[in-house]
Amino acid sequence: KNQVEQSPQSLIILEGKNCTLQCNYTVSPFSNLRWYKQDTGRGPVSLTIMTFSENTKSNGRYTATLDADTKQSSLHITASQLSDSASYICVVRGSSASKIIFGSGTRLSIRP
Amino acid sequence: DTGVSQDPRHKITKRGQNVTFRCDPISEHNRLYWYRQTLGQGPEFLTYFQNEAQLEKSRLLSDRFSAERPKGSFSTLEIQRTEQGDSAMYLCASSSPDRSGNTIYFGEGSWLTVV
């Protein structure tokens, strides 16, 4: 069964600290993996997209990694800011549009 | 680009009524998706259009749900005889491999509450 599992489910850190969010998937065949940020009540916004051959990709303070062998990805956030408080969703695309599988997200809260 | 826009943003309806949501994708995006999202969960795929053709449809989409994209631009999602379990946020998204490198852009969602 195609699945995307994220951990932790929720995370609280102090402003300025770093954190790493995890994503494990069983989607096959694999096309690409994306990380999205979703503010409460808003639509998801793309942070990064990675294909099979890419190991790491950065977008400002966000760095995503991908290990296609172990089917794991991580999203590292550096020097967190209050505006980083949101849900971070890992999305894996398989062979077709219906095989775009979303994780349940990690709810990140940044405290001042 | 004005982004993906959805209308209405919020809808409260009585059980048994019909509701329709509209989505205007980013101009010239040929792919359009509908998803449903409930609290604390990631979006679930409902259906996918390439231009005006509805190419894929989830088993989640019961007979009460219908989606159209008549001219390959905007799309509508209609829910007939709404049930309380239909309460969710309905997300529309669009993409164009040629123009956005497979990035899917989401709208802000249409919140449906069935009372």
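Please refer to the structure placed before this passage.
Rules used in this analysis
Residues numbered from 1 in each chain as written. Chains lettered and ligands numbered in written order. Predicted model: local features only at pLDDT ≥ 70, side-chain atom pairs only at ≥ 80, totals over all residues. Heavy atoms only, no water. Helix = DSSP H or I, 4+ residues; strand = E, 2+ residues; numbered from the N terminus. Contact = heavy atoms within 4.5 Å. Polar contact = N/O pair within 3.5 Å; in protein donor to acceptor, adjacent residues only side chain to side chain. Disulfide = S-S within 2.5 Å. Buried < 20%, exposed > 50% of the residue type's maximum accessible area, 1.4 Å probe, protein only. Pairing = 2+ DSSP bridges. Axes fitted to C-alpha atoms, helices over the stretch in contact; angles between N-to-C directions.

Novice: What should I look at first to understand the environment of A:T20 in this one?
Specialist: Residue and element names in this part refer to chain A. Its place among the elements puts T20 in strand β3 (residues 19-25). Sequence-wise, T20 and Y62 are 42 residues apart; in three dimensions their C-alpha atoms are separated by 9.7 Å. Residues within four places of T20 in sequence aside, it is in contact with S74, L75 and H76. Within the local environment of T20, its side chain forms a polar contact with the side chain of H76, the two groups lying 2.7 Å apart.

Novice: How do you make sense of the state of the cysteines when you look at a structure like this?
Specialist: Cysteine pairs can be linked by a disulfide, which is a covalent bond between their two sulfur atoms. Taken as a whole and judged by the stated rule, the model has two disulfides over all chains. The disulfide bridge from B:C23 ends at B:C92, spanning 1.9 Å between sulfur atoms. Judged by the sign of its S-S torsion, about -70°, the bond between B:C23 and B:C92 is left-handed. In this pair, B:C23 sits in strand β3 (residues 19-24) while B:C92 sits in strand β9 (residues 88-95), placing the two residues 69 residues apart along the sequence. Note on B:C23: relative accessible area 0%, which makes it buried. Using a relative accessible area of 0% as the deciding quantity, one classes B:C92 as buried. Among the cysteines around A:C19, which has no disulfide bond, A:C90 carries the closest sulfur, lying 15 Å off. Relative accessible area serves as the criterion here: at 5%, A:C19 is assigned to the buried category.

Novice: Help me understand the sheet that holds β3(B), please; the structure alone is not making it clear to me.
Specialist: Sheets are built from strands paired through backbone hydrogen bonds, the pairs being either parallel or antiparallel. All names here are of chain B. With antiparallel pairing, four strands are arranged side by side in an open sheet as β1-β3-β8-β7. Looking at which strands have only one partner, the edges of the open sheet turn out to be β1 (5-7) and β7 (65-68). Each strand of the sheet is rotated relative to its neighbour by a mean of 15°, with strand direction disregarded. In this structure, β1 lies alongside β3, joined through three bridges in antiparallel fashion. The partner of D7 across the bridge, within β3, is R22.

Novice: Explanation requested: the pairing of β3(B) in the structure shown.
Specialist: In summary, the side chains of a regular strand alternate between the two faces of the sheet. All names here are of chain B. Judged by which residues are buried, β3 turns out to be one-sided: V19, F21 and C23 face inward and are buried, whereas T20, R22 and D24, on the alternate face, are not. Pairing of β3 with strand β8 (residues 75-79) involves five bridges; the strand directions are antiparallel. Paired with R22 across the strands is T76, a residue of β8.

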